[in-house]
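Below, each chain spelled out in residue letters.
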Amino acid sequence: MEKKRPQWGSKIGFILAAAGSAVGLGNIWKFPGRAFEGGGGSFLLIYLLIVLFLGAPLMLTELSVGRASQTNIVGTFRRLGHRRFSWVGLIGIGGAFVITCYYCHVGGWVLRYVLGYATEAPKIYADSIDYFYNMLGYHGEGATIFPWVAILFAAIFMTLNAVIIIRGVESGIEKFNKIGMPALFLLLLILLVRAVTLDGSQAGLHYMVSLDWSKVSFDTFLAALGQAFYSLSIGVSIMITYGSYLPRTENIARNTAVVCAMDTLVAILAGFIIVPAVFATLGEQQIGKGGGFAFVSLAKVFEQMPGGTFFGVVFYLLLLFAALSSCMSLVESIVAFLTEHFSWQRKGTTISVCAVMFCIGCLYTCSQAAYPIKGVWFDAANGITFPAFCDFMEFLTDRIMIPVCALGCCIFVGWVWKPEKAIAEIEQNGIRFGLARTYSILVKYVAPLAILTILVMSFATGSTLS
Ligand code: PFF
(Lines give C-alpha, C1' and ligand atoms only; values in the text may rest on other atoms or scores of the structure.)
Protein backbone atom coordinates (compact mmCIF):
# COMPACT_ATOMS: atom_id res chain seq x y z
CA MET A 1 0.00 0.00 0.00
CA GLU A 2 1.21 3.47 -0.78
CA LYS A 3 2.39 5.68 2.03
CA LYS A 4 0.17 8.71 2.68
CA ARG A 5 1.87 11.92 1.58
CA PRO A 6 2.21 14.70 4.11
CA GLN A 7 -0.10 17.68 3.64
CA TRP A 8 -0.01 21.32 4.63
CA GLY A 9 -1.46 21.85 8.08
CA SER A 10 -3.55 24.89 7.19
CA LYS A 11 -4.58 27.10 4.32
CA ILE A 12 -2.43 30.00 5.33
CA GLY A 13 0.35 27.49 5.93
CA PHE A 14 0.51 26.63 2.26
CA ILE A 15 0.37 30.22 1.04
CA LEU A 16 3.10 31.17 3.43
CA ALA A 17 5.22 28.21 2.44
CA ALA A 18 4.82 28.91 -1.27
CA ALA A 19 5.47 32.59 -0.68
CA GLY A 20 8.34 31.57 1.57
CA SER A 21 9.82 29.64 -1.31
CA ALA A 22 9.27 32.48 -3.74
CA VAL A 23 10.38 35.39 -1.58
CA GLY A 24 14.06 35.03 -0.97
CA LEU A 25 17.47 36.19 -2.00
CA GLY A 26 16.25 36.46 -5.57
CA ASN A 27 14.02 39.37 -4.65
CA ILE A 28 16.51 41.32 -2.63
CA TRP A 29 19.95 40.31 -3.77
CA LYS A 30 19.29 39.58 -7.45
CA PHE A 31 16.34 41.66 -8.61
CA PRO A 32 17.68 45.17 -7.97
CA GLY A 33 20.91 44.39 -9.83
CA ARG A 34 19.04 42.93 -12.78
CA ALA A 35 16.65 45.90 -12.82
CA PHE A 36 19.60 48.25 -12.88
CA GLU A 37 21.31 46.42 -15.75
CA GLY A 38 18.06 46.24 -17.69
CA GLY A 39 17.50 49.99 -17.68
CA GLY A 40 15.40 50.47 -14.53
CA GLY A 41 11.83 51.29 -15.47
CA SER A 42 11.93 49.42 -18.77
CA PHE A 43 13.08 46.26 -17.04
CA LEU A 44 10.39 46.69 -14.43
CA LEU A 45 7.71 46.88 -17.09
CA ILE A 46 8.99 43.82 -18.95
CA TYR A 47 9.25 41.98 -15.65
CA LEU A 48 5.68 42.77 -14.65
CA LEU A 49 4.32 41.66 -18.00
CA ILE A 50 6.25 38.41 -17.76
CA VAL A 51 4.95 37.72 -14.25
CA LEU A 52 1.39 38.38 -15.34
CA PHE A 53 1.29 36.54 -18.64
CA LEU A 54 3.87 33.81 -18.18
CA GLY A 55 4.79 33.47 -14.51
CA ALA A 56 1.33 33.28 -12.96
CA PRO A 57 -0.10 30.79 -15.50
CA LEU A 58 2.98 28.64 -15.12
CA MET A 59 2.77 28.60 -11.36
CA LEU A 60 -0.85 27.56 -11.65
CA THR A 61 0.12 24.88 -14.14
CA GLU A 62 2.77 23.43 -11.87
CA LEU A 63 0.47 23.47 -8.84
CA SER A 64 -2.33 21.74 -10.69
CA VAL A 65 -0.03 19.10 -12.15
CA GLY A 66 1.44 18.46 -8.70
CA ARG A 67 -1.91 18.21 -6.99
CA ALA A 68 -3.35 16.00 -9.68
CA SER A 69 -0.49 13.52 -9.47
CA GLN A 70 0.21 13.73 -5.72
CA THR A 71 3.77 12.66 -6.27
CA ASN A 72 7.31 13.97 -6.80
CA ILE A 73 8.28 15.91 -9.88
CA VAL A 74 9.67 13.08 -11.97
CA GLY A 75 6.99 10.58 -10.95
CA THR A 76 4.35 13.18 -11.78
CA PHE A 77 4.56 12.66 -15.50
CA ARG A 78 4.46 8.89 -15.18
CA ARG A 79 1.50 9.03 -12.80
CA LEU A 80 -0.39 11.19 -15.28
CA GLY A 81 0.30 8.62 -17.98
CA HIS A 82 3.10 10.38 -19.90
CA ARG A 83 6.36 8.86 -18.84
CA ARG A 84 8.26 10.31 -21.79
CA PHE A 85 7.92 13.77 -20.21
CA SER A 86 9.95 12.75 -17.19
CA TRP A 87 12.87 14.73 -18.64
CA VAL A 88 11.03 17.92 -17.67
CA GLY A 89 11.10 16.82 -14.04
CA LEU A 90 14.74 15.80 -14.33
CA ILE A 91 15.75 19.21 -15.67
CA GLY A 92 13.72 20.73 -12.83
CA ILE A 93 15.60 18.66 -10.26
CA GLY A 94 18.88 19.51 -11.98
CA GLY A 95 18.02 23.21 -11.83
CA ALA A 96 17.06 22.98 -8.18
CA PHE A 97 20.34 21.21 -7.50
CA VAL A 98 22.50 23.84 -9.20
CA ILE A 99 20.59 26.72 -7.60
CA THR A 100 20.98 25.22 -4.14
CA CYS A 101 24.74 24.89 -4.64
CA TYR A 102 25.12 28.65 -4.78
CA TYR A 103 22.03 29.65 -2.85
CA CYS A 104 23.38 28.19 0.37
CA HIS A 105 26.55 30.22 -0.06
CA VAL A 106 24.77 33.53 -0.55
CA GLY A 107 22.62 32.52 2.43
CA GLY A 108 25.88 32.20 4.33
CA TRP A 109 26.82 35.79 3.41
CA VAL A 110 23.51 36.92 4.88
CA LEU A 111 24.29 35.09 8.10
CA ARG A 112 27.71 36.76 8.13
CA TYR A 113 26.00 40.14 7.84
CA VAL A 114 23.63 39.39 10.73
CA LEU A 115 26.66 38.84 12.87
CA GLY A 116 28.57 41.68 11.24
CA TYR A 117 25.90 44.25 12.07
CA ALA A 118 25.50 42.83 15.56
CA THR A 119 29.16 42.95 16.46
CA GLU A 120 31.16 45.22 14.16
CA ALA A 121 28.80 47.62 12.39
CA PRO A 122 31.33 50.52 12.41
CA LYS A 123 33.67 48.37 10.37
CA ILE A 124 30.96 47.82 7.74
CA TYR A 125 30.14 51.52 7.66
CA ALA A 126 33.80 52.52 7.36
CA ASP A 127 34.26 50.73 4.01
CA SER A 128 31.33 48.61 2.96
CA ILE A 129 32.90 47.50 -0.31
CA ASP A 130 36.06 46.39 1.39
CA TYR A 131 34.07 44.53 4.05
CA PHE A 132 32.11 42.61 1.45
CA TYR A 133 35.09 41.62 -0.67
CA ASN A 134 37.16 40.80 2.39
CA MET A 135 34.57 38.20 3.31
CA LEU A 136 35.17 36.67 -0.11
CA GLY A 137 38.91 36.49 0.30
CA TYR A 138 39.87 39.62 -1.62
CA HIS A 139 42.51 41.65 0.17
CA GLY A 140 43.13 44.58 -2.11
CA GLU A 141 45.20 44.94 -5.28
CA GLY A 142 44.79 41.38 -6.41
CA ALA A 143 45.90 39.86 -3.09
CA THR A 144 43.59 36.96 -2.34
CA ILE A 145 43.27 34.38 0.38
CA PHE A 146 40.99 31.38 0.76
CA PRO A 147 37.54 32.84 1.61
CA TRP A 148 37.17 30.82 4.76
CA VAL A 149 34.80 33.31 6.42
CA ALA A 150 32.24 33.05 3.62
CA ILE A 151 32.64 29.29 3.44
CA LEU A 152 32.27 28.80 7.17
CA PHE A 153 29.03 30.76 7.23
CA ALA A 154 27.73 28.92 4.19
CA ALA A 155 28.41 25.65 6.01
CA ILE A 156 26.39 26.86 9.00
CA PHE A 157 23.55 28.00 6.74
CA MET A 158 23.43 24.66 4.96
CA THR A 159 23.48 22.77 8.26
CA LEU A 160 20.53 24.81 9.56
CA ASN A 161 18.71 24.02 6.39
CA ALA A 162 19.33 20.30 6.61
CA VAL A 163 18.21 20.17 10.22
CA ILE A 164 14.87 21.80 9.38
CA ILE A 165 14.34 19.55 6.36
CA ILE A 166 14.99 16.42 8.36
CA ARG A 167 12.24 17.42 10.76
CA GLY A 168 9.68 17.21 7.92
CA VAL A 169 7.35 19.37 5.88
CA GLU A 170 4.78 20.64 8.32
CA SER A 171 6.77 21.20 11.44
CA GLY A 172 9.68 22.79 9.62
CA ILE A 173 8.61 24.86 6.67
CA GLU A 174 5.17 26.04 7.68
CA LYS A 175 5.79 27.38 11.13
CA PHE A 176 8.82 29.11 9.89
CA ASN A 177 7.13 31.57 7.57
CA LYS A 178 4.26 32.77 9.68
CA ILE A 179 6.15 35.52 11.44
CA GLY A 180 9.10 36.08 9.14
CA MET A 181 7.16 37.07 6.03
CA PRO A 182 5.00 39.88 7.40
CA ALA A 183 7.92 41.19 9.44
CA LEU A 184 10.16 41.36 6.38
CA PHE A 185 7.51 43.22 4.50
CA LEU A 186 7.12 45.80 7.22
CA LEU A 187 10.82 46.38 7.50
CA LEU A 188 11.15 46.86 3.76
CA LEU A 189 8.57 49.63 3.95
CA ILE A 190 10.60 51.38 6.62
CA LEU A 191 13.80 51.01 4.62
CA LEU A 192 12.07 52.36 1.54
CA VAL A 193 11.33 55.61 3.31
CA ARG A 194 14.94 55.96 4.42
CA ALA A 195 16.46 55.00 1.06
CA VAL A 196 14.45 57.38 -1.08
CA THR A 197 15.11 60.29 1.24
CA LEU A 198 18.89 59.86 1.18
CA ASP A 199 20.83 62.68 -0.47
CA GLY A 200 21.44 61.76 -4.08
CA SER A 201 18.90 58.97 -4.24
CA GLN A 202 16.60 60.93 -6.57
CA ALA A 203 18.62 60.00 -9.62
CA GLY A 204 18.15 56.35 -8.72
CA LEU A 205 14.46 56.80 -8.18
CA HIS A 206 14.17 58.53 -11.51
CA TYR A 207 16.12 55.70 -13.12
CA MET A 208 13.67 53.16 -11.73
CA VAL A 209 10.64 54.87 -13.19
CA SER A 210 11.98 55.99 -16.55
CA LEU A 211 11.92 53.84 -19.64
CA ASP A 212 15.35 53.51 -21.20
CA TRP A 213 14.83 51.26 -24.22
CA SER A 214 18.41 51.68 -25.37
CA LYS A 215 19.43 49.13 -22.74
CA VAL A 216 16.82 46.60 -23.80
CA SER A 217 17.56 43.66 -26.09
CA PHE A 218 16.41 40.04 -26.34
CA ASP A 219 18.95 39.41 -23.69
CA THR A 220 17.10 41.74 -21.33
CA PHE A 221 13.94 39.75 -21.99
CA LEU A 222 15.72 36.51 -21.20
CA ALA A 223 17.22 38.02 -18.06
CA ALA A 224 13.76 39.24 -16.97
CA LEU A 225 12.18 35.90 -17.79
CA GLY A 226 14.84 33.94 -15.92
CA GLN A 227 14.62 36.34 -12.99
CA ALA A 228 10.82 36.24 -12.85
CA PHE A 229 10.68 32.45 -12.95
CA TYR A 230 13.51 32.14 -10.48
CA SER A 231 11.89 34.61 -8.17
CA LEU A 232 8.52 32.85 -8.33
CA SER A 233 10.24 29.49 -7.82
CA ILE A 234 8.88 28.12 -11.08
CA GLY A 235 10.68 26.26 -13.84
CA VAL A 236 12.36 24.02 -11.30
CA SER A 237 9.14 22.19 -10.58
CA ILE A 238 9.16 23.20 -6.93
CA MET A 239 5.51 24.13 -7.22
CA ILE A 240 4.78 20.63 -8.50
CA THR A 241 6.21 19.27 -5.28
CA TYR A 242 4.37 21.85 -3.19
CA GLY A 243 1.14 21.25 -5.11
CA SER A 244 1.42 17.57 -4.34
CA TYR A 245 1.11 18.37 -0.65
CA LEU A 246 -2.10 20.34 -1.22
CA PRO A 247 -5.55 19.06 -0.33
CA ARG A 248 -8.26 19.13 -3.01
CA THR A 249 -10.22 21.77 -1.13
CA GLU A 250 -7.66 24.49 -1.87
CA ASN A 251 -8.34 27.19 -4.43
CA ILE A 252 -5.02 27.06 -6.27
CA ALA A 253 -5.90 29.85 -8.69
CA ARG A 254 -6.43 32.29 -5.85
CA ASN A 255 -3.33 31.05 -4.07
CA THR A 256 -1.29 31.58 -7.21
CA ALA A 257 -2.47 35.18 -7.46
CA VAL A 258 -1.61 35.86 -3.83
CA VAL A 259 1.84 34.32 -4.03
CA CYS A 260 2.73 36.06 -7.32
CA ALA A 261 1.55 39.40 -5.96
CA MET A 262 3.49 39.05 -2.71
CA ASP A 263 6.68 37.97 -4.43
CA THR A 264 6.55 40.72 -7.01
CA LEU A 265 5.78 43.37 -4.46
CA VAL A 266 8.79 42.41 -2.36
CA ALA A 267 11.04 42.46 -5.43
CA ILE A 268 9.81 45.88 -6.50
CA LEU A 269 10.16 47.24 -2.98
CA ALA A 270 13.72 45.95 -2.86
CA GLY A 271 14.43 47.52 -6.24
CA PHE A 272 13.14 50.86 -5.05
CA ILE A 273 15.26 50.64 -1.92
CA ILE A 274 18.51 49.36 -3.32
CA VAL A 275 18.84 51.13 -6.67
CA PRO A 276 18.30 54.61 -5.17
CA ALA A 277 20.61 53.65 -2.32
CA VAL A 278 23.27 52.63 -4.79
CA PHE A 279 23.02 55.93 -6.62
CA ALA A 280 23.16 57.81 -3.33
CA THR A 281 26.06 55.98 -1.80
CA LEU A 282 28.33 54.11 -4.14
CA GLY A 283 28.65 56.71 -6.90
CA GLU A 284 28.84 56.23 -10.64
CA GLN A 285 32.01 54.13 -10.81
CA GLN A 286 30.81 51.48 -8.43
CA ILE A 287 27.38 51.10 -9.93
CA GLY A 288 26.76 47.70 -11.40
CA LYS A 289 29.51 46.00 -9.44
CA GLY A 290 27.71 42.70 -9.42
CA GLY A 291 27.09 40.45 -6.45
CA GLY A 292 27.73 42.99 -3.74
CA PHE A 293 25.09 45.40 -5.01
CA ALA A 294 22.59 44.73 -2.22
CA PHE A 295 25.04 43.99 0.56
CA VAL A 296 27.31 46.93 -0.04
CA SER A 297 24.80 49.68 -0.82
CA LEU A 298 22.57 49.07 2.18
CA ALA A 299 25.33 49.92 4.62
CA LYS A 300 24.84 53.64 4.06
CA VAL A 301 21.08 53.30 4.45
CA PHE A 302 21.54 51.77 7.87
CA GLU A 303 24.32 54.12 8.84
CA GLN A 304 22.18 57.14 8.13
CA MET A 305 19.02 56.13 9.95
CA PRO A 306 18.21 56.35 13.64
CA GLY A 307 18.73 52.96 15.22
CA GLY A 308 20.26 51.88 11.91
CA THR A 309 22.52 49.18 13.31
CA PHE A 310 19.57 47.58 15.06
CA PHE A 311 17.58 47.70 11.83
CA GLY A 312 20.58 46.23 10.05
CA VAL A 313 20.58 43.21 12.33
CA VAL A 314 16.82 42.76 12.02
CA PHE A 315 16.88 43.17 8.24
CA TYR A 316 19.57 40.54 7.70
CA LEU A 317 17.84 38.24 10.17
CA LEU A 318 14.63 38.47 8.18
CA LEU A 319 16.49 38.03 4.94
CA LEU A 320 18.04 34.98 6.51
CA PHE A 321 14.57 33.60 7.23
CA ALA A 322 13.51 34.31 3.68
CA ALA A 323 16.63 32.67 2.30
CA LEU A 324 16.20 29.62 4.53
CA SER A 325 12.59 29.07 3.54
CA SER A 326 13.52 29.33 -0.15
CA CYS A 327 16.49 27.04 0.23
CA MET A 328 14.38 24.57 2.18
CA SER A 329 11.92 24.37 -0.69
CA LEU A 330 14.74 23.56 -3.07
CA VAL A 331 16.23 20.88 -0.86
CA GLU A 332 12.79 19.50 0.00
CA SER A 333 12.00 18.96 -3.64
CA ILE A 334 15.31 17.20 -4.33
CA VAL A 335 14.94 15.04 -1.21
CA ALA A 336 11.29 14.22 -1.99
CA PHE A 337 12.36 12.99 -5.39
CA LEU A 338 15.31 10.93 -4.17
CA THR A 339 13.49 9.33 -1.24
CA GLU A 340 10.36 8.47 -3.22
CA HIS A 341 12.07 7.44 -6.43
CA PHE A 342 14.88 5.36 -4.99
CA SER A 343 13.24 4.57 -1.64
CA TRP A 344 16.20 6.15 0.12
CA GLN A 345 16.00 7.11 3.73
CA ARG A 346 15.17 10.78 4.38
CA LYS A 347 17.80 11.67 6.92
CA GLY A 348 20.82 10.18 5.16
CA THR A 349 19.69 11.52 1.80
CA THR A 350 19.28 15.04 3.13
CA ILE A 351 22.68 15.07 4.77
CA SER A 352 24.46 13.67 1.72
CA VAL A 353 22.90 15.94 -0.91
CA CYS A 354 23.36 18.98 1.27
CA ALA A 355 27.03 18.14 1.72
CA VAL A 356 27.58 17.65 -2.02
CA MET A 357 25.77 20.86 -2.93
CA PHE A 358 27.67 22.84 -0.35
CA CYS A 359 31.00 21.57 -1.74
CA ILE A 360 30.13 22.49 -5.33
CA GLY A 361 28.99 25.89 -4.09
CA CYS A 362 32.49 26.51 -2.69
CA LEU A 363 33.62 26.99 -6.31
CA TYR A 364 30.96 29.67 -6.64
CA THR A 365 32.20 31.55 -3.61
CA CYS A 366 35.85 31.11 -4.51
CA SER A 367 35.26 32.50 -7.99
CA GLN A 368 33.59 35.66 -6.61
CA ALA A 369 36.79 37.33 -5.63
CA ALA A 370 39.49 34.97 -4.53
CA TYR A 371 40.27 32.70 -7.46
CA PRO A 372 39.94 32.85 -11.26
CA ILE A 373 37.68 29.80 -11.63
CA LYS A 374 35.84 29.86 -14.96
CA GLY A 375 32.83 28.28 -16.63
CA VAL A 376 32.09 27.99 -20.35
CA TRP A 377 29.38 29.77 -22.28
CA PHE A 378 28.29 30.06 -25.85
CA ASP A 379 26.19 32.37 -27.92
CA ALA A 380 26.17 33.14 -31.62
CA ALA A 381 27.44 36.71 -31.29
CA ASN A 382 30.33 36.15 -28.90
CA GLY A 383 31.16 32.52 -29.66
CA ILE A 384 32.70 30.58 -26.81
CA THR A 385 33.46 32.63 -23.71
CA PHE A 386 34.79 31.77 -20.26
CA PRO A 387 32.80 33.67 -17.65
CA ALA A 388 33.55 33.57 -13.92
CA PHE A 389 32.20 30.36 -12.43
CA CYS A 390 29.70 32.27 -10.29
CA ASP A 391 28.15 33.93 -13.35
CA PHE A 392 28.24 30.64 -15.20
CA MET A 393 26.17 28.89 -12.53
CA GLU A 394 23.53 31.60 -12.49
CA PHE A 395 23.37 31.75 -16.26
CA LEU A 396 23.03 27.99 -16.45
CA THR A 397 19.97 28.00 -14.20
CA ASP A 398 18.31 31.31 -15.08
CA ARG A 399 18.90 31.20 -18.81
CA ILE A 400 18.78 27.53 -19.71
CA MET A 401 17.47 25.09 -17.11
CA ILE A 402 14.59 27.18 -15.75
CA PRO A 403 13.23 28.36 -19.13
CA VAL A 404 13.60 24.89 -20.68
CA CYS A 405 11.83 23.18 -17.76
CA ALA A 406 9.08 25.82 -17.89
CA LEU A 407 8.74 25.30 -21.62
CA GLY A 408 8.46 21.55 -21.08
CA CYS A 409 5.70 22.07 -18.49
CA CYS A 410 3.75 24.33 -20.87
CA ILE A 411 4.03 21.91 -23.75
CA PHE A 412 3.02 19.04 -21.48
CA VAL A 413 -0.05 20.74 -20.08
CA GLY A 414 -0.94 22.72 -23.21
CA TRP A 415 -0.66 19.93 -25.74
CA VAL A 416 -0.38 16.54 -24.10
CA TRP A 417 -2.21 16.41 -20.78
CA LYS A 418 -4.44 19.26 -22.06
CA PRO A 419 -5.49 22.50 -20.32
CA GLU A 420 -8.99 21.04 -19.70
CA LYS A 421 -7.48 18.58 -17.22
CA ALA A 422 -5.58 21.34 -15.45
CA ILE A 423 -8.76 23.43 -15.32
CA ALA A 424 -10.71 20.47 -13.95
CA GLU A 425 -8.05 20.11 -11.27
CA ILE A 426 -8.29 23.83 -10.45
CA GLU A 427 -12.09 23.64 -10.30
CA GLN A 428 -12.27 20.82 -7.76
CA ASN A 429 -14.82 21.06 -5.00
CA GLY A 430 -17.14 23.47 -6.76
CA ILE A 431 -14.50 26.19 -7.13
CA ARG A 432 -15.06 28.28 -10.28
CA PHE A 433 -12.10 29.48 -12.29
CA GLY A 434 -13.24 32.59 -14.16
CA LEU A 435 -10.08 32.93 -16.26
CA ALA A 436 -10.19 29.39 -17.62
CA ARG A 437 -10.27 30.39 -21.28
CA THR A 438 -7.50 32.94 -20.96
CA TYR A 439 -5.46 30.40 -19.06
CA SER A 440 -5.86 27.84 -21.84
CA ILE A 441 -4.67 30.27 -24.48
CA LEU A 442 -1.73 31.38 -22.36
CA VAL A 443 -0.51 27.91 -21.52
CA LYS A 444 -1.09 26.53 -24.99
CA TYR A 445 0.16 29.29 -27.26
CA VAL A 446 1.45 32.41 -25.58
CA ALA A 447 3.76 30.97 -22.93
CA PRO A 448 5.52 28.31 -25.04
CA LEU A 449 5.98 30.65 -28.00
CA ALA A 450 7.23 33.50 -25.86
CA ILE A 451 9.66 31.34 -23.91
CA LEU A 452 10.99 29.67 -27.05
CA THR A 453 11.42 32.95 -28.93
CA ILE A 454 13.18 34.66 -26.06
CA LEU A 455 15.46 31.67 -25.50
CA VAL A 456 16.45 31.26 -29.13
CA MET A 457 16.83 34.97 -29.90
CA SER A 458 18.93 35.62 -26.85
CA PHE A 459 21.43 32.97 -27.87
CA ALA A 460 21.32 34.11 -31.48
CA THR A 461 21.88 37.77 -30.75
CA GLY A 462 24.35 37.47 -27.90
CA SER A 463 24.34 37.66 -24.14
CA THR A 464 25.82 40.19 -21.77
CA LEU A 465 28.44 37.80 -20.49
CA SER A 466 31.97 39.03 -20.78
N1 PFF B 1 12.51 32.09 -5.41
C2 PFF B 1 13.69 32.08 -4.61
C3 PFF B 1 14.23 33.49 -4.49
O4 PFF B 1 13.72 34.38 -5.17
O5 PFF B 1 15.16 33.68 -3.75
C6 PFF B 1 14.76 31.19 -5.13
C7 PFF B 1 14.25 29.88 -5.55
C8 PFF B 1 13.67 29.05 -4.62
C9 PFF B 1 14.33 29.54 -6.87
C10 PFF B 1 13.13 27.87 -5.04
C11 PFF B 1 13.81 28.37 -7.29
C12 PFF B 1 13.21 27.56 -6.36
F13 PFF B 1 12.69 26.47 -6.77
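Calculation rules
Counting restarts for each chain, with residues numbered from 1 along the sequence as it is written. Restriction of local features to residues with pLDDT of at least 70 applies here, the model being predicted, together with a cutoff of 80 or more for giving and counting side-chain atom pairs; totals for whole chains, interfaces and linings are based on all residues. As a convention, hydrogens and water are excluded, and side-chain values are obtained from all of the structure's heavy atoms. Strands here are runs of E lasting at least two residues and helices are runs of H or I lasting at least four, both read from the DSSP assignment and numbered beginning at the N terminus. When we talk radius of gyration, it's over C-alpha atoms, and the globule rule is simply 2.2 Å times the number of residues to the 0.38. Think of it in three bands: with a 1.4 Å probe and only protein chains considered, a residue is buried below 20% of the maximum accessible area for its type, exposed above 50%, and partly exposed in between. Only heavy atoms enter the contact rule, under which two residues are in contact if any of them lie within 4.5 Å. Within this scheme the basic residues Lys and Arg register as positive and the acidic residues Asp and Glu register as negative, but His and the chain ends are omitted. Think of each charge as sitting on NZ of Lys, CZ of Arg, CG of Asp or CD of Glu. Only buried Ala, Val, Leu, Ile, Met, Phe, Trp, Tyr and Cys residues count toward a nonpolar core, and they belong to the same one when joined by side-chain atoms within 4.5 Å. Nearness is defined per residue: one heavy atom within 4 Å of the molecule or strand is enough. Polar contacts, as counted here, are pairs of nitrogen or oxygen atoms within 3.5 Å of one another; within protein the pair requires one atom able to donate a hydrogen and one able to accept it, and residues that are adjacent in sequence qualify only if both atoms are side-chain atoms. Working definition of accessibility: Shrake-Rupley area with a 1.4 Å probe, residue cover restricted to the visible protein chains. Under the convention adopted here, Pro, Cys and the residues Ala, Val, Leu, Ile, Met, Phe, Trp and Tyr are nonpolar, Asp, Glu, Lys and Arg are charged, and Gly plus all remaining residues are polar. Side-chain rings of Phe, Tyr and Trp, where Trp is taken by its six-membered ring, are said to pair if the distance between their centres is within 6.5 Å; with planes under 30 degrees apart they count as stacked, over 60 as edge-to-face, and otherwise as tilted. Cation placement over rings: the criterion is NZ of Lys or CZ of Arg within 6 Å of the ring centroid and within 35° of the ring normal. Between the N-to-C directions of two axes lies an angle of 0 to 180 degrees, each axis being a line fitted to C-alpha atoms and, for a helix, fitted only over the stretch in contact. Reported orientations rely on four angle classes, namely roughly parallel under 35 degrees, roughly antiparallel over 145, roughly perpendicular from 65 to 115, and oblique for the rest. The crossing is said to be left-handed when, going from far helix to near helix, the turn is anticlockwise and less than a right angle, and right-handed when the turn is clockwise. Patch membership is restricted to residues that have no salt bridge and whose relative accessible area is over 30%. Joining uses 9 Å for like charges and 5 Å for the nonpolar side chains Val, Leu, Ile, Met, Phe, Trp and Tyr. What counts as a salt bridge is simple: a side-chain nitrogen of Lys or Arg found within 4 Å of a carboxyl oxygen of Asp or Glu. Take the number of residues in a helix, subtract one, and multiply by 1.5 Å to get its expected span. At any given residue, the bend is defined as the angle formed between two axes, one fitted to the seven residues that end at that position and one fitted to the seven that begin there.

Student: Quick question: what am I supposed to make of the overall build of the protein here?
Tutor: Counting secondary structure elements, the protein contains 18 helices and 2 strands. In terms of C-alpha radius of gyration, the protein reaches 21 Å, essentially the compact-globule figure of 23 Å for 466 residues. With the principal axes as the frame, the protein shows a C-alpha extent of 60 × 45 × 45 Å. Counting over 466 residues, the protein shows a buried share of 62%. Once local pairs closer than 6 in sequence are excluded, the contacts in the protein between residues at least 24 apart make up 81%. Positive and negative side-chain charges in the protein, numbering 31 and 25 respectively, have mean positions lying 11 Å apart.

Student: Is there a simple way to explain the nonpolar core in this structure?
Tutor: Considering soluble globular proteins, one finds that nonpolar side chains tend to be buried as a cluster. In terms of nonpolar packing, the biggest core is built from 167 residues, with Trp-109, Tyr-117, Phe-229, Phe-302, Phe-315 and Tyr-316 touching the most fellow members. Element by element, the count of residues in this core is highest for helix H5 (residues 86-126), at 19 residues.

Student: In this structure, what is going on with the site of the ligand? I would like to understand it.
Tutor: Surveying the vicinity of the ligand reveals 16 residues, the closest of which are Gly-26, Tyr-103, Tyr-230, Val-236 and Ile-238. Ser-21 is positioned with one of its backbone polar atoms (N or O) 3.2 Å from a nitrogen atom of the ligand. Tyr-230 is positioned such that a nitrogen or oxygen atom in its backbone is 2.8 Å from a nitrogen atom of the ligand. In isolation the ligand has 330 Å² of accessible area, and contact with the protein removes 100% of it. For the shell around the ligand, the secondary structure elements donating two or more residues are helix H1 (11-22), helix H2 (25-37), H5, helix H10 (218-231) and helix H14 (308-342). Partitioned by chemical class, the residues of the shell around the ligand number 8 nonpolar, 8 polar and no charged.

Student: So what exactly am I meant to see when it comes to the packing of aromatic side chains here?
Tutor: Between two aromatic rings, the relevant description is the distance of the centres plus the angle of the planes. Applying the stated criterion to the full structure yields 36 aromatic pairs. For the pair Phe-43 and Tyr-47, a centre-to-centre distance of 6.1 Å together with 25° between the ring planes defines the contact as stacked. Separated by 4 residues within a single helix, Phe-43 and Tyr-47 lie in helix H3 (residues 41-69), roughly one turn from each other. Looking at Lys-215, its charged tip hangs above the ring of Phe-36, at a distance of 5.4 Å from the centre. Stacked on the ring of Trp-415, the Lys or Arg Lys-444 has its end atom at 4.7 Å from the ring centre.

Student: Can you walk me through the packing of H3 against H10 in this structure?
Tutor: Two quantities define a packed helix pair, namely the angle between the axes and the distance from one axis to the other. Their axes nearest at 9 Å, the elements H3 and H10 cross at an angle of 50°. Classed by the angle they form, the pair H3 and H10 counts as oblique. Handedness of the H3/H10 crossing: right-handed. Contact residues: H3 offers Phe-43, Ile-46, Tyr-47, Ile-50, Val-51, Leu-54, Gly-55 and Leu-58, while H10 offers Thr-220, Phe-221, Ala-223, Ala-224, Leu-225, Gln-227, Ala-228, Phe-229 and Ser-231. Classifying every residue of the contact of H3 with H10 gives 13 nonpolar, 4 polar and no charged.

Student: Sorry if this is basic, but what is going on with a nonpolar patch on the surface here?
Tutor: Together, Ile-145, Phe-146, Trp-148, Leu-152, Ile-156, Leu-160 and Tyr-371 make up an exposed nonpolar region whose accessible area comes to about 650 Å². In this structure, Leu-160 sits in helix H7 (residues 148-166).

Student: Explanation requested: the pattern of salt bridges in the structure shown.
Tutor: Think of it this way: side chains of opposite charge can pair up when their charged atoms draw near. Inspection of every chain in the model, using the stated rule, returns 11 salt bridges. Among the salt bridges present, the one from Glu-303 reaches Lys-300, with a minimum N-O distance of 3.4 Å. In this pair, Glu-303 and Lys-300 are both assigned in helix H13 (residues 293-303), 3 residues apart and thus about one turn of the helix distant. Exposure remark for Lys-300: the relative accessible area of 26% places this residue in the partly exposed category.

Student: Help me out: how do you make sense of the environment of Tyr-113 in this one?
Tutor: Relative to the helices and strands, Tyr-113 resides in helix H5. Of the residues examined, Tyr-113 reaches a relative accessible area of 0% and is grouped as buried. Setting aside residues up to four positions removed in sequence, Tyr-113 forms contacts with Ile-124, Ser-128, Tyr-131, Phe-132, Met-135, Phe-295 and Tyr-316.

Student: What's the story with helix H18 (residues 436-461) in this structure? I'm lost.
Tutor: Think of an α-helix as 3.6 residues a turn; residues three or four steps apart then line up on the same face. Counted at 1.5 Å a residue, the expected span for H18 with its 26 residues is 38 Å, and the 36 Å between its end C-alpha atoms agrees. The largest bend in H18 is about 45°, located at Leu-442. For H18, the full list of buried residues reads Ala-436, Tyr-439, Ser-440, Leu-442, Val-443, Ala-447, Pro-448, Ile-451, Ile-454, Leu-455 and Ser-458. Those residues of H18 that are buried are in contact with H3, H10, helix H16 (389-417) and helix H17 (419-426).

Geometric values such as these leave the question of function open.
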